[in-house]
Amino acid sequence: MMRTLRYIVSRDVLLAMRRRADVATTLFFFVIVASLFPLGVGPDPKLLRAMAPGILWVAALLASMLSLGRLFAADYADGSLEQLVLAPDPLAVVVIGKVLAHWLVSGLPLVLISPVIALQFDLPAEAIATLLLALLLGTPLLSLIGAIGAALTVGVRGGGVLVSLLVLPLYVPVLIFGAGAVDASASGMDAGGHLSILGALLLLGMALAPWATSAALRISLE
Amino acid sequence: MKLNWFKYAAPATFYPLAGKLIPWFAWSGAILAVAGLYLSFFVAPTDFQQGESYRIIFIHVPAAWMSMFIYIVMAGWAAAGLIFNTRLSSMMASALAPTGALFTVIALWTGALWGKPTWGAWWVWDARLTSELILLFLYLGFLALHAAIDDPRRADRASAVLALVGVVNVPIIYFSVKWWNTLHQGASVSMTMAPKMAATMLLGMLVMALACWMYSIAAALARVRCIILEREQQAEWIANLAKEPT
């Protein structure tokens, strides 16, 4: 089982690395969306500082959602997804591997670049550290929840737009506690409570989402 | 006499049963609605704080109840469809979804109409309003997913998974929105109703809620009959049905 997991992760990461432009697109999307907000609301540093947690998290949500299409679509198109479903290992393990790879490719780079964007919004150093931590806990959860939506829309026409309608309402708690943590830390309060809840949600997601995703995949591949 | 409930799990036997039940639910819904509206407009006293505008709660509160309750019932039918693989359960789930979405819209709309004279704003980011809005998004997601998949059986099962995921998420969303709301917003706007409600007000609201129940059941049954006809059009019993003199 661990071997399957390792194999799936390394295969998906390798495939993504062969097409680096796709990975970079998600990252640049995050950077561009975050940079558009100051142009829209004006360069007032006080306003920007107040809006930064929300803007960065919404941008992260959208970027993570955009890359969901890659999770199963290519494997579905060339038939390898069916082979993975037929494999003797539990489908949930395959799903965990694919979600992990998706996070490594689209979530982790976003986490790593977020401090630079946060500097543009003049966030204090402590808040940036909290942002890093909150994104580190939150982006895997985004990938886990998103995988359910991606699995439900595999091979469905107009799947890309549909997945946003399915997944974005479910992202709401992550957004609230993620942005809440940064907000609390920026105003000098303890962000521990928000981060704990984010961690608890991540554990819950890890327990339930792969299961729901594999059920959805089985339905989609019937 | 032992009643065999599974007999009505087959669309062919359920179709005439639903046809017989619809008038009962529809008429009792209509009568209850007339009684409830009479109670709420002529019997219930004017609220001394909010004046006449409070009367919108007689529609608003039942609609909000129904919007949440129908989602749970819908998810229950969807789960039954997944577990027992019965066609009719999934048809019931997809028949309930539009009614649920309708009540969510009514709840949001009447909430806005009530908010304008009471709070002076059409919309505030109150916890209940926000979670009701997200509930509407969940309904729309369910409907959109069902509509996007051509094979009806696959559409049923995929949207059932979505409904179940939604049901797990609804409490999480509700509490996170509630907490977010208390953090961001002072107690300037309070959704809590007047602490003591006159008995006639409560009665009016309950009668209206019952009317909404009856309407929802009648509407869902009528819709499920259409879905049955659409999906089973190749079946022999439908051909026989068409031959029967009406």
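Residues numbered from 1 in each chain as written. Chains lettered and ligands numbered in written order. Predicted model: local features only at pLDDT ≥ 70, side-chain atom pairs only at ≥ 80, totals over all residues. Heavy atoms only, no water.

Engineer: Quick one: what's the story with the overall build of chain B, residue by residue and with numbers?
Structural biologist: Scanning chain B from terminus to terminus reveals seven helices and zero strands. Secondary structure of chain B in N-to-C order comes out as α-α-α-α-α-α-α. Out of the 246 residues in chain B, the part that is buried amounts to 45%. Taking the intrachain contacts of chain B between residues at least 6 apart in sequence as the baseline, contacts between residues at least 24 apart amount to 79%. (Helix = DSSP H or I, 4+ residues; strand = E, 2+ residues; numbered from the N terminus. Buried < 20%, exposed > 50% of the residue type's maximum accessible area, 1.4 Å probe, protein only. Contact = heavy atoms within 4.5 Å.)

Engineer: Run through the overall build of chain A, naming residues and quoting values.
Structural biologist: Summing up its helical and strand segments, chain A has ten helices and zero strands in all. Its helices and strands in sequence order give chain A the pattern α-α-α-α-α-α-α-α-α-α, from N to C terminus. For 222 residues, the compact-globule estimate of 2.2 N^0.38 gives 17 Å, and chain A sits close to it at 18 Å. Considering chain A as a whole, with its 222 residues, one finds that 53% of them fall into the buried category. For chain A, contacts bridging at least 24 residues in sequence account for 81% of all contacts bridging at least 6. As presented, chain A carries roughly 9900 Å² of accessible surface, and 70% of it is formed by carbon and sulfur atoms. (Rg over C-alpha atoms; globule rule 2.2 N^0.38 Å. Areas by Shrake-Rupley, 256 points an atom, 1.4 Å probe, with all protein chains shown as cover.)

Engineer: How would you explain the interface of chain B and chain A if you had to name every residue and give the values?
Structural biologist: The interface of chain B with chain A comprises 28 residues on the first partner and 26 residues on the second. Both sides together, the interface formed by chain B and chain A hides about 2300 Å², and carbon and sulfur atoms give 77% of it. Contact with chain A buries area across many residues of chain B, yet B:R154, B:V161 and B:W179 alone supply 24% of it, more than any other trio. The interface formed by chain B and chain A holds zero salt bridges in total. The interface formed by chain B and chain A holds one residue pair in polar contact (both at pLDDT 80 or more) in total. Elements with a minimum of two residues in the side of chain B that touches chain A: α4 (127-148) and α5 (152-184) of chain B. Residue contributions to the side of chain B that touches chain A peak at 16 residues, all from α5(B). (Buried area = accessible area lost by both parts, 1.4 Å probe. Salt bridge = Lys/Arg side-chain N within 4 Å of Asp/Glu carboxyl O. Polar contact = N/O pair within 3.5 Å; in protein donor to acceptor, adjacent residues only side chain to side chain.)

Engineer: Give a detailed account of the pattern of salt bridges, specifying residues and quantitative values.
Structural biologist: Using the criterion set out here, one finds nine salt bridges over all chains in the structure. Among the salt bridges present, the one from A:D122 reaches A:R49, with a minimum N-O distance of 3.0 Å. With A:D122 in the loop between α6 (91-120) and α7 (125-152) and A:R49 in helix α3 (residues 45-66), the pair connects residues that are 73 residues apart, well separated along the chain. Residue classification places A:D122 among the partly exposed residues on the basis of a relative accessible area of 40%. On the basis of relative accessible area, A:R49 is assigned to the partly exposed category, the value being 33%. Of the charged contacts in the structure, one is a salt bridge between B:D156 and B:R153, with a shortest N-O distance of 3.6 Å. With B:D156 and B:R153 both in helix α5 and three residues apart, this pair spans about one turn of that helix.

Engineer: I'd like a description of the confidence of the model for chain A, backed by residues and values.
Structural biologist: The predicted model of chain A has a mean per-residue pLDDT of 89, with 100% of residues at 70 or higher. Taken element by element, chain A is modelled with least confidence in helix α8 (residues 159-167) of chain A, mean pLDDT 85, and with most confidence in α7(A), mean pLDDT 92. (pLDDT = per-residue confidence, 0-100.)

Engineer: So what's going on with the packing of α3(A) against α7(A)? Residues and values would help.
Structural biologist: Residues and elements named next belong to chain A. In the contact formed by α3 and α7, the axes pass within 11 Å of each other and the chain directions differ by 30°. In this view, α3 runs roughly parallel relative to α7, as classed from their interaxial angle. For the crossing formed where α3 meets α7, the hand is right-handed. Every residue of α7 that contacts α3 at L56, W57, A60, L61 and S64 is listed here: L131, A134, L135, G138 and L142. Across the contact of α3 with α7, the residue classes break down as eight nonpolar, two polar and no charged. (Axes fitted to C-alpha atoms, helices over the stretch in contact; angles between N-to-C directions. Parallel < 35°, antiparallel > 145°, perpendicular 65-115°, else oblique. Left-handed = near helix turned anticlockwise from the far one by under 90°. Nonpolar A, V, L, I, M, F, W, Y, C, P; charged D, E, K, R; others polar.)

Engineer: Residues and numbers for the packing of helix α4 (residues 69-78) of chain A against α6(A), please.
Structural biologist: All names here are of chain A. Running from N to C, α4 and α6 point in directions that differ by 120°, and their axes come no closer than 9 Å. Accordingly, the angle class assigned to the pair α4 and α6 is oblique. Across the interface between the two elements, R70, L71, F72 and D75 of α4 pack against K98, H102, V105 and S106 of α6. For the contact of α4 with α6, the per-class residue count stands at three nonpolar, two polar and three charged.

Engineer: Can you break down the packing of aromatic side chains residue by residue, with the values?
Structural biologist: Aromatic rings considered in pairs are described by the distance between their centres and by the relative angle of their planes. Residue and element names in this part refer to chain B. Considering all chains together, one arrives at five aromatic pairs over all chains under this definition. Centroid distance F69 to W213: 4.9 Å. Interplanar angle 40°. Geometry classified as tilted. One end of the pair, F69, is in helix α2 (residues 57-84); the other, W213, is in helix α6 (residues 199-231), with 144 residues separating them in the sequence. Judged by relative accessible area, W213 falls into the partly exposed class, the value being 36%. Geometrically, the ring pair formed by Y71 and Y139 is edge-to-face, given 5.2 Å between the ring centres and 80° between the ring planes. Placement of the pair is Y71 in helix α2 and Y139 in helix α4, with a sequence separation of 68 residues. This pair shows no difference in class: Y71 is buried, exactly as Y139 is. (Phe/Tyr/Trp six-rings, centres within 6.5 Å; stacked < 30°, edge-to-face > 60°.)

Engineer: Kindly report on the environment of A:T4, identifying the contributing residues and their values.
Structural biologist: Mapped onto the elements of the fold, A:T4 is located in helix α1 (residues 2-18). Each C-alpha atom, one on A:T4 and one on A:V99, is 14 Å from the other, the two residues being 95 residues apart in sequence.

Engineer: Help me get a handle on unusual backbone geometry, residues and values and all.
Structural biologist: Although it is not a glycine, A:D122 sits at a positive phi angle of roughly 60°. Of note, B:N85 is a non-glycine position whose phi angle comes to about 55°, a positive value. Mapped onto the elements of the fold, B:N85 is located in the loop between α2 and α3 (87-119). The exposure class of B:N85 is partly exposed, given its relative accessible area of 48%.

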